[in-house]
Amino acid sequence: MTGLDNSMLTLVTFIPLAGALLLLLFPRRDRDIRLFALVVSLLDFILSLHLPVHFQRAQTGFQFEVNNLWISNPNIHYHMGVDGVSMWLVVLTTFLTPLCVLISWKSVHERVKEFFILLLVLQAALIGVFVALDLFLFYFFWEATLIPMALLIGIYGHERRVYAAVKFFLYTMVASMFMLAAILWLYAKTGTFDFVSIQAAIRNGQVESFVGAAPWLFLGFFIAFAVKVPIFPFHTWLPDAHVEAPTAGSVLLAGVLLKMGTYGMLRFNLGLFPDQSRSNAWWIMVLALIGIVYGALVAMVQPNMKKLIAYSSISHLGFVVLGIFSFTQLGLDGATYVMLAHGVSTGALFMLAGILYERRHTYEIADFGGLATPMPVYATFFLFIVLASVGLPLLNGFIGEFLVLSGAFRDRAVYGIVGATGVIWSACYLLWMYQRVFFGKVTHQVNLSLPDLSGRERAAIWPTAVVALVMGVAPLLWLNAIDPAVQTVLAPFAQLASKMVAR
Amino acid sequence: MNSANDITQVIPQAADYVRILPEIVLAIFGMIVMVLDPLVDERRSQKTLGTIALVGSLAALVATLFQAQYPGLGFWNMVRVDSFSVFFHFLVAAVTAVVILTSYEYMQVQEIRAGEYYALVLLGALGMSLMSSAVELVLIFIALEISSISTYILAGFRQRAAISSESSVKYFLLGSFATAFFLYGVALMFGATGSTSIAVIGDVLRSGHIPVLAYVGVALMFVGLGFKVAAAPFHVWTPDVYEGAPAPVVGFMSTAPKAAVFAVLLRIMFEADAPGRVWLIWVVAALSMTLGNIGALVQDNVKRLLAYSSIAHAGYLLVAFAALPKNGIPAAMFYTASYAAMNVGAFAVISHIGGKGERYVTLEDYEGLGRRSPLLAATLTIFLLSLIGIPITGGFFAKFYVFSAALQANLVGLVIIGVLNSAVASYYYLRLIVVMYMREAREEVPVSPIPFGLGAALAISLVATIYLGVLPGRVLEYAARSVGELVR
């Protein structure tokens, strides 16, 4: 462990924040502001690559840890660390942010400074969520993502932006209150916020009156995460937020923000409450399946391209939840992989939709048609990403969904069967949308003269396409770090199962 | 020999005066302001008198720090200087200084004559300071009256606005009624225990049988004090009074006297070990949180909105009173401090935006403030986020300590009510933020540049709010010292 290793997570988390503070002092020259934001986010991405390069893959437990006392009463530590799952989510965040800067280059032309400040603050908070190992710190970053995201939607969004922003804020805020109550309870009984210590205390049965409270604590955490994912009955904020959000907001919302929910389930619901996770798994999996099928069916009938992608997110995130609550190695590996793959390909889809919106100021599928003729390069990229999202073998979507489904099959065949239809549905709605937008004759004269991708836009899309391909061909690059982390999470479940067998 | 002893007992010693040094300082400066008022030129009186008053409040701050080195009883066991009283003295003096800084500009814009205003602020602060160090119910009553009477008058200072006089009269009538309740409670307590000294009352009540009269006495005192902190169901006056009173005064009276009354409540509830407190507090806290937040949901006037919010915050604070003394006392003290910081700041912004005659106080007038005055909007946003209880602001830790204290006392029901209430509350604070940033101004509301005094006031409250949110440890540790002083 070198000094750099120790301070790496702090650097990666707070460089965007420092960048945002510097931006505050910048004069209002939009070009410089954009360039500076790009430089900061690229720097952060390059620094974050230190993590996968120096990550000890064979080792379980958290790495790059820092643990300093922050406040003595309450006993709050500045405790950060990553395992294979959270490390890749951090890299996903730093990977998407520069692309968000690029894609917002022209589309944001008012209050440019505030926009990039909010974007960088959001990035810092998102990274913080994934690296925090102190429950208090986690809650702090968790809430901190809310404000910049709500402001991004509310200020830079489309017509019904205020409604969408308030809905987003209230939904997630109210839900996270339950998590806060659960965290406070744990603190009151254990005297610490430290994730590792609380986990150990629970496993050793040192927490007073835990048995009675555990179902409620599990639910407290679960509701906060379920709204964020979103799982089926809590999903209504998502389409509104996506449709109204500016492109960069949508990219980070779908790409990273939703994963906060699934990551939370994996880390906290499974990590702290294995028994309750086991006993509640059946209805959560049913909700996940409903989400997969319902999200896909609703996506199919959407006339609005962005709404379609939003509902497809509900469907894909259903796979993640399904994988997590299958409690199998394959399922959890797959769930993590879907998180990453969905981040890349849905991020790219939102960017592509945004590019079209910049040219035509509409997301209605009916306003397009035959776009392959005026915009061949755009159409090619779009097809590539659609195929990745559909789950074509050799592209990133396939690996994760395959793993999740095989995990679900092991758990119970019917889950796998119903889940598998989701893959078919997604092919239906995405390819059908592709056909309506790109094939056939150009039906609207305006569309004939649409310019193809500019150099900047290509620079934003190319990385996602490359990563989608590499993730599809060489999944082990990712999985060899994810695997040990997942094994650690699953360890208590194996004991649980053997206990049941022994009985 | 014997007679000499008697004389030393009736003549106050130097040490006695040290025990009330901040009060003496405030009284002197208050009187200087009053005497000078007719002597200075009317146009310049604002600046001169304001500066004198500011110096007075800062001098009280210094006196408090000096006094802190000589803890102990004084004036025949009627006042006690301990870390508890020093905490509240400091808070009151700091709030007074910030309010005076805010008032500079406000008085000029509203064309209000300055003299009595600053004098009343200082004399009010005197009463509030005394409340936190008085350990004898009759002295507490006198201090309460000093503080109340000056706030009654201050509430009516916008003489040109009928609504302000209405607010003053309403506050005065209901307030006197409530004070009478308090006095009645004191009398009954004296009847029940034979003493008005809080320490003695505590000893009597702890020693065994508790007479019914004591329960009644506590209930009546609580009615009186509950009115002063605007706790439901004694809260009905709040919105009207806050709406009519001058904005800086609202900032003052929603924080400093409240802090002082909470200090009195802490002494009565914990030091005198008031019987039956947990359920009394439980009901009042739950009611205040719920009624305050529900009331605030439908308000369009920012001052009324914050009035309801202050009712709700009184409720959160009372939750700490139902907890065990070990966690409850520091939690309550921390809450008063952080609430003072954020609320004084919020009202400083409101008094600036209000403009002449406080015309711009509705939500509509705040539309597009994020664009017209980014600095003010950002500052107000931070105060509002603190009122919601978002991390890294003082408001978060305030709620946090209160709720975890309650959880440690196994008051799960009350905590759930509180947590749900904070979720509801986020809606109306958020509305204001949304209006400032996400709507365009319908009509041009002028925003004048921020003058120095107001800037300083905002900076102080902002730094305090953030400091309490990032490094709450030191303040809490200091507050925790008073646990040993109050509970023996």
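Here the structure is a predicted model, which is why all the values come from computation and not from measurement. (Residues numbered from 1 in each chain as written. Chains lettered and ligands numbered in written order. Predicted model: local features only at pLDDT ≥ 70, side-chain atom pairs only at ≥ 80, totals over all residues.)

### Concerning the overall build of chain B
Part 1 of the reasoning: The helix and strand tally for chain B stands at 22 helices and 2 strands.
Part 2 of the reasoning: In terms of overall size, chain B behaves like a compact globule, its C-alpha atoms giving a radius of gyration of 22 Å where 488 residues would be expected to give roughly 23 Å.
Part 3 of the reasoning: Seen through its principal axes, chain B has C-alpha atoms that stretch 75 × 60 × 40 Å.
Part 4 of the reasoning: Across chain B, every contact between residues at least 6 apart in sequence was considered, and the portion connecting residues at least 24 apart equals 82%. (Helix = DSSP H or I, 4+ residues; strand = E, 2+ residues; numbered from the N terminus. Rg over C-alpha atoms; globule rule 2.2 N^0.38 Å. Contact = placed C-beta atoms within 7 Å.)

### As for the overall build of chain A
Part 1 of the reasoning: When you go through chain A residue by residue, the secondary structure sums to 20 helices and 2 strands.
Part 2 of the reasoning: Computed over C-alpha atoms, the radius of gyration of chain A comes to 22 Å, within 12% of the 23 Å expected from 2.2 N^0.38 for 503 residues, which places it in the range of a compact globule.
Part 3 of the reasoning: Expressed as lengths along the three principal axes of its C-alpha atoms, the size of chain A is roughly 70 × 55 × 40 Å.
Part 4 of the reasoning: Within the span of chain A, comprising 503 residues, buried residues form 60% of the whole.
Part 5 of the reasoning: For chain A, long-range pairs separated by at least 24 residues make up 81% of all intrachain contacts whose partners lie at least 6 apart in sequence. (Buried ≥ 20, exposed ≤ 12 C-beta atoms within 10 Å, placed from the backbone.)

### Some points on the interface of chain A and chain B
Part 1 of the reasoning: At the junction of the two partners, chain A supplies 26 residues and chain B supplies 23 residues.
Part 2 of the reasoning: For the side of chain A that touches chain B, the secondary-structure elements that each account for two or more residues are α6 (135–156) and α7 (161–190) of chain A.
Part 3 of the reasoning: Here the residues of the side of chain A that touches chain B are counted per class, giving 21 nonpolar, 3 polar and 2 charged. (Nonpolar A, V, L, I, M, F, W, Y, C, P; charged D, E, K, R; others polar.)

### Focus: the pairing of strand β1 (residues 63–71) of chain A
All names here are of chain A.
Part 1 of the reasoning: Bridge analysis of β1 against strand β2 (residues 76–82) gives 6 bridges, and the strand direction is antiparallel. Across the sheet, Asn68 pairs through a bridge with Tyr78, a residue of β2.
Part 2 of the reasoning: The turn linking β1 back onto β2 is made up of 4 residues. (Pairing = 2+ DSSP bridges.)

### Details of the nonpolar core
Part 1 of the reasoning: Of all hydrophobic cores here, the largest spans 395 residues; its most connected members are Val121(B), Leu122(B), Met131(B), Phe334(B), Val402(B) and Ala406(B).
Part 2 of the reasoning: The greatest single-element share of this core, amounting to 20 residues, is contributed by α7(A).
Part 3 of the reasoning: Setting aside residues up to four positions removed in sequence, Met131(B) forms contacts with Ile140(B), Ala143(B), Leu144(B), Ser147(B), Ala260(B), Val261(B), Ala263(B) and Val264(B). (Core = buried A, V, L, I, M, F, W, Y, C linked by C-beta atoms within 7 Å.)

### Let's talk about the environment of Asp452(A)
All names here are of chain A.
Part 1 of the reasoning: Checked against the element boundaries, Asp452 lands in the loop between α18 (445–448) and α19 (455–473).
Part 2 of the reasoning: Owing to 13 C-beta atoms within 10 Å, Asp452 belongs among the partly exposed residues under this scheme.
Part 3 of the reasoning: Considered as a pair, Asp452 and Pro374 are 78 residues apart in the sequence and their alpha carbons are 7.0 Å apart.
Part 4 of the reasoning: With sequence-adjacent residues up to four places away left out, Asp452 is seen in contact with Met375, Pro376, Val377 and Tyr378.

### Focus on the packing of α6(A) against α7(A)
Residues and elements named next belong to chain A.
Part 1 of the reasoning: The geometry of α6 relative to α7 is characterised by a closest axis approach of 9 Å and an angle of 175 degrees between their N-to-C directions. Viewed along their axes, α6 and α7 adopt a mutual orientation that is roughly antiparallel.
Part 2 of the reasoning: For the contact of α6 with α7, the class distribution of residues is 16 nonpolar, 3 polar and 2 charged. (Axes fitted to C-alpha atoms, helices over the stretch in contact; angles between N-to-C directions. Parallel < 35°, antiparallel > 145°, perpendicular 65-115°, else oblique.)

### Comments concerning the environment of Gly419(A)
Residues and elements named next belong to chain A.
Part 1 of the reasoning: Its place among the elements puts Gly419 in helix α17 (residues 413–438).
Part 2 of the reasoning: The class of Gly419 is buried, set by 25 C-beta atoms lying within 10 Å.
Part 3 of the reasoning: Along the backbone, Gly419 and Val293 are 126 residues apart, and their C-alpha atoms lie at a distance of 7.8 Å.

### Re unusual backbone geometry
Part 1 of the reasoning: For the peptide bond that leads from Val229(A) to Pro230(A), omega is -15 degrees, which places it in the cis range.
Part 2 of the reasoning: As for its placement among the helices and strands, Pro230(A) is situated in the loop between α9 (210–228) and α10 (237–244).
Part 3 of the reasoning: For the peptide bond that leads from Ala232(B) to Pro233(B), omega is 0 degrees, which places it in the cis range.
Part 4 of the reasoning: With respect to the element layout, Pro233(B) can be found in the loop between α10 (212–228) and α11 (237–244).
Part 5 of the reasoning: In this structure, Phe75(B) is a non-glycine residue whose phi angle is positive, near 50 degrees.
Part 6 of the reasoning: Here Phe75(B) is to be found in the loop between β1 (72–74) and β2 (79–81).

### Brief notes about the packing of helix α15 (residues 302–322) of chain B against helix α16 (residues 325–354) of chain B
All names here are of chain B.
Part 1 of the reasoning: As a packed pair, α15 and α16 sit with axes 9 Å apart at the nearest point and diverge in direction by 170 degrees. By the angle between their axes, α15 is roughly antiparallel relative to α16. Of α16, the residues touching α15 (which contributes Val302, Lys303, Leu306, Ser310, His313, Tyr316, Leu317, Ala320 and Phe321) are Gly328, Ala331, Ala332, Tyr335, Thr336, Tyr339, Asn343, Ala346 and Ile350.
Part 2 of the reasoning: Grouping the constituent residues of the contact of α15 with α16 by class yields 12 nonpolar, 5 polar and 1 charged.

### Some remarks on α15(B)
Part 1 of the reasoning: With 21 residues, α15(B) extends 31 Å from end C-alpha to end C-alpha; this agrees with the ideal 30 Å at 1.5 Å per step.
Part 2 of the reasoning: Within α15(B), 21 of the 21 residues are buried, which leaves the element mostly enclosed by the surrounding structure. (Expected span 1.5 Å × (residues − 1).)

### Some points on helix α13 (residues 305–324) of chain A
Part 1 of the reasoning: For α13(A), with 20 residues, the first-to-last C-alpha span of 29 Å sits near the 28 Å given by 1.5 Å per residue.
Part 2 of the reasoning: Counting buried residues along α13(A), 20 of its 20 residues qualify, which places the element largely inside the surrounding structure.

### Thoughts on the confidence of the model for chain B
Part 1 of the reasoning: Put simply, chain B has an average pLDDT of 88, and 98% of its residues get 70 or more.
Part 2 of the reasoning: As scored by the predictor, the complex reaches a pTM of 0.84 and an ipTM of 0.73. (pLDDT = per-residue confidence, 0-100.)

### Brief notes about the environment of Leu453(A)
Residue and element names in this part refer to chain A.
Part 1 of the reasoning: When you line up the elements, Leu453 lands in the loop between α18 and α19.
Part 2 of the reasoning: Here Leu453 falls in the buried class, since 20 other C-beta atoms lie within 10 Å of it.
Part 3 of the reasoning: Apart from the residues lying within four places of it in its own chain, the contact partners of Leu453 are Val377, Tyr378 and Arg458.

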